[in-house]
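Chains, contacts and geometry: an overview
In case you want the letters, here they are:
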Amino acid sequence: MNNRVLTIIPSLYDGGAEKFTADLSFEISKEYQNTTLIYNATDITYPVAGGVKTLEVPEKRGILRRLLRQIRIKNEIKGYKTQWRPEVSISHMLMANMLNIITKKEEKVICVLHGEWSIRTGKSKVLDFIVKHYYRKADVIISVSEFIKNSFDQYYQLAVPHKVIHVGIDIAEIERKAQEHLALALPKNYLVYVAGFRPVKNHIALLNHLEAYLKKKDISLVLLGDGTLRNAIENEISKLGLEGKVLILGNLSNPYPVIKNAKVSVLYSSSESFSLAVVESMALGVPVVATDCGGPREILLGEVIHEVELPFRSDYGVLIEKPGVKDKGYLSAEIDYLLDNKQAWSALSENGKKRSRNFSIQKAAAAYKELISTLISS
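Below, the structure is looked at part by part.

All of the buried residues along helix 5 (residues 146-156) are Ile148, Lys149, Ser151, Phe152 and Tyr156. Along helix 5, the residues classed as buried sweep out an arc of 165° about the axis, all on the same side. The inward-facing, buried residues of helix 5 abut strand 5 (108-113), helix 4 (125-135), strand 6 (140-143) and strand 7 (162-164). The positive-phi residue at the C-terminal boundary of helix 5 is Gln157, with phi of around 50°.

We now examine the pattern of salt bridges. Following the criterion strictly, the structure yields 22 salt bridges and no others. The residue Lys104 makes a salt bridge to Asp139 at a minimum N-O spacing of 2.9 Å. Here the residue Lys104 occupies a position in the loop between helix 3 (94-102) and strand 5, and Asp139 occupies one in the loop between helix 4 and strand 6, the gap between them amounting to 35 residues. One connected set of salt bridges, linked through shared partners, spans Glu173, Arg176 and Glu180.

Okay, the sheet that holds strand 11 (residues 264-267) next. Strand order across the open sheet formed by seven strands is 10-9-8-11-12-14-13, with mixed pairing between neighbours. Since the sheet does not close on itself, it has two edges, and those belong to strand 10 (246-250) and strand 13 (312-313), each with one partner. Where strand 12 (residues 288-291) lies against strand 14 (residues 318-320), three bridges are found, and the strand directions are parallel. By the bridge assignment, Thr291 is partnered in strand 14 with Ile320. In this fold helix 8 (residues 230-239) packs onto strand 9 (220-224) and strand 10, with an angle of close to 160° to the strand it touches most, strand 10.

Moving on, we get to the packing of aromatic side chains. Tallying each qualifying case throughout the model produces eight aromatic pairs. A centroid spacing of 5.1 Å and a plane angle of 45° characterise the contact between Tyr13 and Tyr46, whose relative ring orientation is tilted. One end of the pair, Tyr13, is in the loop between strand 1 (4-8) and helix 1 (16-28); the other, Tyr46, is in the loop between strand 2 (33-38) and strand 3 (51-54), and 33 residues separate them in sequence. For Tyr46, a relative accessible area of 17% translates into the label buried. The interplanar angle of 65° and the centroid separation of 5.4 Å between the aromatic rings of Phe274 and Phe359 together place this pair among those described as edge-to-face. With Phe274 in the loop between strand 11 and helix 10 (276-283) and Phe359 in the loop between helix 13 (342-356) and helix 14 (361-377), this residue pair connects regions lying 85 residues apart in the sequence. Both residues of the pair, Phe274 and Phe359, count as buried. Members of the aromatic cluster, each reached through a chain of ring pairs, are Tyr135, Phe152, Tyr155 and Tyr156. Above the ring of Tyr46, the side-chain terminus of Lys19 is found at 5.9 Å from the ring centroid. Lying across the ring of Tyr337, Arg313 places its NZ or CZ 3.5 Å from the centre.

Two pairing modes exist for strands in a sheet, parallel and antiparallel, and in both the strands are linked by backbone hydrogen bonds. Reading across the sheet, the seven strands line up as 3-2-1-4-5-6-7 and stay open at both edges, with parallel pairing between neighbours. Each having just a single partner strand, strand 3 and strand 7 make up the two edges of the open sheet. Shown here is a sheet whose adjacent strand axes are inclined to one another by a mean of 20°, direction ignored. Pairing analysis gives five bridges linking strand 1 to strand 2, with the strands arranged parallel. Residue pairing across strands places Val5 opposite Asn34, the latter belonging to strand 2.

Along the chain, the position of Lys369 falls in helix 14. Overall, the relative accessible area of 14% leaves Lys369 in the buried class. A polar contact is formed between the side chain of Lys369 and the side chain of Glu31, at a distance of 3.5 Å. Not counting residues up to four positions away in its chain, the partners in contact with Lys369 are Glu27, Ile28, Glu31 and Tyr32.

Time to look at the packing of helix 3 against helix 4. Interhelical geometry of helix 3 versus helix 4 gives an angle of 55° and a closest axis separation of 9 Å. One way to sum up the angle between helix 3 and helix 4 is to call them oblique. Note that helix 3 runs across helix 4; the crossing there is left-handed. Contacts between helix 3 and helix 4 involve Leu94, Asn97, Met98, Ile101 and Ile102 on the former and, on the latter, Val131, Tyr134 and Tyr135. A per-class count over the contact of helix 3 with helix 4 returns seven nonpolar, one polar and no charged.

A few words now on helix 7 (residues 203-216). An α-helical turn contains 3.6 residues, so a residue and the one three or four places further along point in the same direction. Helix length check: helix 7, at 14 residues, gives a terminal C-alpha distance of 20 Å against a target of 20 Å (1.5 Å per residue), a fit within 8%. The largest bend along helix 7 measures about 50° and falls at Leu210. Buried residues of helix 7: His203, Leu206, Leu207, His209, Leu210, Tyr213 and Leu214, and no others. Elements in contact with the buried residues of helix 7: strand 8 (190-194), strand 9, helix 8, strand 10, strand 11 and helix 12 (330-340).

Reading guide: rules and limits
- Residues numbered from 1 in each chain as written.
- Predicted model: local features only at pLDDT ≥ 70, side-chain atom pairs only at ≥ 80, totals over all residues.
- Heavy atoms only, no water.
- Buried < 20%, exposed > 50% of the residue type's maximum accessible area, 1.4 Å probe, protein only.
- Helix = DSSP H or I, 4+ residues; strand = E, 2+ residues; numbered from the N terminus.
- Arc of directions from axis to C-beta.
- Contact = heavy atoms within 4.5 Å.
- Salt bridge = Lys/Arg side-chain N within 4 Å of Asp/Glu carboxyl O.
- Pairing = 2+ DSSP bridges.
- Axes fitted to C-alpha atoms, helices over the stretch in contact; angles between N-to-C directions.
- Phe/Tyr/Trp six-rings, centres within 6.5 Å; stacked < 30°, edge-to-face > 60°.
- Lys NZ or Arg CZ within 6 Å of the ring centre and 35° of its normal.
- Polar contact = N/O pair within 3.5 Å; in protein donor to acceptor, adjacent residues only side chain to side chain.
- Parallel < 35°, antiparallel > 145°, perpendicular 65-115°, else oblique.
- Left-handed = near helix turned anticlockwise from the far one by under 90°.
- Nonpolar A, V, L, I, M, F, W, Y, C, P; charged D, E, K, R; others polar.
- Expected span 1.5 Å × (residues − 1).
- Bend = angle between axes of the 7 residues up to and from the residue.

Quick look at the structure:
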């Protein structure tokens, strides 16, 4: 275990990229000396294996101060690489990818794309030109789904080796945590939606879509997540008169008992690079109804590679149109189909469990370790 691998990520809490990076550290540390470097410290972090290097660089406001902060972060990363001398450095998400490439020394650099926001800046053509300039200096680019890889390749058209390694989940750990007692009063019958409270997740559109359905049916909606739109979502719940039908639980340290006991797991996003929430729900035997917004298509369609007419009921879940696209009540109709058809519900539950094994942390880690080994020996 003399070979050193450095992982760079802004923080180790909150999102799917952060959770995957933390879980991956346990697998990488079995074969390599691994240190995870973060530069946006949080009060709570996901457990990690190996060393952790936290850059104490306070957050700044204002364009100039934020720019100076990035320069300081860049210099500290460069200094740490000089001191620790990793053979491979892996970065996750756009800014960390840029910092990893800018500070490249003798090591091989792997950049991981976790979402459309880690492909292009969306700010200006000048910034996108700069991003393209740096990405071509990476040794390998990894996308977490074919959806992200195709988007990146179409946008930048680089000659850099680019491969897909799906993110993975620790299925055994999720199953164990799902059995833990949860001191919460939950509805008897409920749908669950696991997503940060951000515009792309369409919580308000979901509430409006399900308003009549929730009022009519003996079922509630549980929201797992938090974010800047929480007040707006709470106001919408009040405005629609859904206080007794929609429950916001925020970010739970262990959300899995809540997910496991849901009747259906809903994804109503406009864009998903992959969706750990979908795979976690499937691993716990909860049927999924998800919008066709990127990554969920790869998860739910399995070996189906041709275009399908939506809504589409696959062996692993139900795929529906994105919000605002031919929206004719498909979501509530597909939920009804599953709740009224025990045979279909049970089939999706069992098939989903089997399908989730394709997205285990062990499978993802094996692909990363093979790549790391290849780069070190090249």
